[in-house]
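# Survey of secondary and tertiary structure
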Amino acid sequence: MKYDFTFHNPTKIYFGKDSLDNLETELKKYGKRILLAYGGGSIKKNGIYDKVIAILKKCDKEVFECKDVLPNPALSKMLEGAKTIRDNDVDLVLAVGGGSVIDCAKGMSVAAYYDGDDVFKSYWVNHEPLHKNKIVPLGTVLTMVGTGSEMDAGSVISDTDNKIKNATDLFNPDFSILNPEYTYTLSKYQMVSGIFDCMSHLMEQYFSGDDDNTSDYLIEGIYKSIINATKIAVKNPLDYEARSNIMWCSTMALCGIAGKSKTQDWEVHMIEHQLSAYTNCAHGMGLCAISMPYYRYIYKFGLPKFVRFAKEVWGVDAIGKTDEQVALEGIDCMEKFAKECGMITTLKELGATKEMLPDIANSCILGGGYKKVTHEEILEILKNCYE
Ligand code: NZQ
Ligand code: ZN
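Residues numbered from 1 in each chain as written. Chains lettered and ligands numbered in written order. Predicted model: local features only at pLDDT ≥ 70, side-chain atom pairs only at ≥ 80, totals over all residues. Heavy atoms only, no water.

Here we come to the domain arrangement of the protein chain. Domain annotation of the protein chain identifies domain 1 (12–182) and domain 2 (186–385). Averaged C-alpha coordinates put domain 1 and domain 2 at centres separated by 27 Å. Listed by partner, the interface residues are 26 residues for domain 1 and 26 residues for domain 2. With both chains or domains summed, domain 1 and domain 2 bury close to 2,100 Å², and 66% of this area falls on carbon and sulfur atoms. The largest contributions to the domain 1 side of the interface with domain 2 come from Val145, Lys163 and Lys165, which together make up 28% of the buried area. On inspection of domain 1 and its partner domain 2, the count reaches one salt bridge. (Domains from an automatic or database assignment. Contact = heavy atoms within 4.5 Å. Buried area = accessible area lost by both parts, 1.4 Å probe. Salt bridge = Lys/Arg side-chain N within 4 Å of Asp/Glu carboxyl O.)

Shown next as structure tokens:
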């Protein structure tokens, strides 16, 4: 392991068909006043809301709600939730939903008693260390799989007025309840969007460095597991084994362990965040569209790793081929897989217009793994996945 690192993940995970049974035990650890944060209504349709409310009532909790936390959550919604926490002296935030609800709930918890002038600027723009003010604890019930927010500190919030979608690290949930059956009601579109998000998290960490690192072997293993499970789940969404593997792969991909001692890339995510700031597209689908031209552009700067990816993950036969051919065949395999699963590979399908592309490119935070890209290079990449 080339670089020193610290690893600490404080989130307690309850996983499986009966995992919600543990909510009662967890709730006993907190005071009476709970803020229930959720999205646009899926949990009311599939019955998860009723199950959670029944447990909250049984535990004699006083429940306040912050509903309509929509995909690519807005700063205004986060501040609304923070006010509800403050006004009602909330003891625990319980986020029931996907990455958007959980990310926004993390933001509500830190913003409730924030003691500065502009919480978005402090944490999401300037990445200041968290101030000393009180942070309300958070528990989650996960219903959409992909982001890893259930076991990481990440929070991605959109300042819709200024068209900026920024990520930061805040704090981990105290506990997260992961029942794969809760994901059965996701549309195929959302299911595969989350799956590509997981794949992207793995690649963002993998495509960096040239040392022999255990993290790369871990990533290859998780990646192969999610490809296998996805092929099954696309055909049979009610296959518990496949859905549970997809859920755990996604959590593992971003709980911190898979990227240890690596410099990492994350430029595909930086570009996608601005793409969704302009189009409000589903995060995983945006990543999918951007990934193919991005990797076809940067593979030559990290050729041995792209050859390894093609051979180890996609089983590309290298005999009689140049390294360039093998590397490109690996990316072709990923694209074929994405299309077969119904993932989106063009920006046009995600609602982008040609006129938006320069603004999207110019507003991206610059980073990269094997290659530090410029705004001009990002614009070329975006043009290559427009239609
Ligand atoms: O709002 P409701 O009605 O609940 O519907 C949601 C939403 O429309 C629906 N859904 C969720 N669970 C469902 C369901 N529909 C039926 N049955 C269920 N069981 O799915 C839609 C998408 O939900 P959302 O939470 O937006 O999806 P996702 O989990 O992909 O979260 C995306 C957000 O997370 C951020 C993204 O940028 C984006 O803002 N990310 C967070 C990260 C983190 N915290 O570490 C890292 C990621 O890279 C990512 O950037
Ligand atoms: Zn992501």
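Within the first shell, the zinc ion (ligand 2) binds the protein through Asp197 (OD), His201 (NE2), His269 (NE2) and His283 (NE2), at distances of 1.9 to 2.2 Å. Between the donor residues of the zinc ion (ligand 2), the gaps in sequence give the motif D-x3-H-x67-H-x13-H. Of the two residues, Asp197 sits in helix 7 (residues 188–206) while His283 sits in helix 11 (residues 283–298), which places them 86 residues apart along the sequence. Note on accessibility: Asp197 and His283 belong to one class, buried. (Donors = N, O, S within 2.8 Å, 3.2 Å for Na, K, Ca; no water. Helix = DSSP H or I, 4+ residues; strand = E, 2+ residues; numbered from the N terminus. Buried < 20%, exposed > 50% of the residue type's maximum accessible area, 1.4 Å probe, protein only.)

What follows concerns the side chain of Thr11. Looking at the element boundaries, Thr11 is found in the segment before strand 1 (12–15). Of the residues examined, Thr11 reaches a relative accessible area of 7% and is grouped as buried. Separated by 2.9 Å, the side chains of Thr11 and Asn172 make a polar contact. Leaving out residues up to four positions away in the same chain, Thr11 has contacts with Glu150, Met151, Asn172, Pro173, Asp174, Phe175 and Ser176. (Polar contact = N/O pair within 3.5 Å; in protein donor to acceptor, adjacent residues only side chain to side chain.)

What follows covers the site of ligand 1. Around ligand 1 there are 30 residues in total, and Gly40, Ser42, Ser100, Asp103 and Asp152 lie nearest to it. A distance of 3.1 Å is found between a nitrogen atom of ligand 1 and a backbone nitrogen or oxygen belonging to Gly154. Contact between ligand 1 and His201: an oxygen atom at 2.8 Å from a side-chain N or O atom of the residue. Out of a free accessible area of 970 Å², ligand 1 has 89% covered by protein chains. Every element with two or more residues in the shell around ligand 1 is listed here: helix 5 (99–111), strand 6 (154–159), helix 7 and helix 10 (267–279). There are two domains that each give the shell around ligand 1 at least three residues, and those are domain 1 (12–182) and domain 2 (186–385). (Near = heavy atom within 4 Å. Areas by Shrake-Rupley, 256 points an atom, 1.4 Å probe, with all protein chains shown as cover.)

Residues Met1, Phe5, Phe7, Leu218 and Ile257 make up a contiguous nonpolar surface patch of about 430 Å² in total accessible area. Following the sequence through the fold, Met1 ends up in the segment before strand 1. (Patch = residues over 30% accessible without salt bridge, like charges linked within 9 Å, V, L, I, M, F, W, Y side chains within 5 Å.)

In this section: the pattern of salt bridges. With the rule as written, the count across this model stands at 21 salt bridges. With its nearest N and O atoms 4.0 Å apart, the salt bridge here joins Lys134 to Asp89. Taken as a pair, Lys134 in the loop between helix 6 (119–125) and strand 5 (138–142) and Asp89 in the loop between helix 4 (75–88) and strand 4 (92–97) lie far apart in primary sequence, 45 residues in all. The exposure class of Lys134 is partly exposed, given its relative accessible area of 45%. For the salt bridge of Lys336 with Glu340, the shortest nitrogen-to-oxygen distance reads 3.2 Å.

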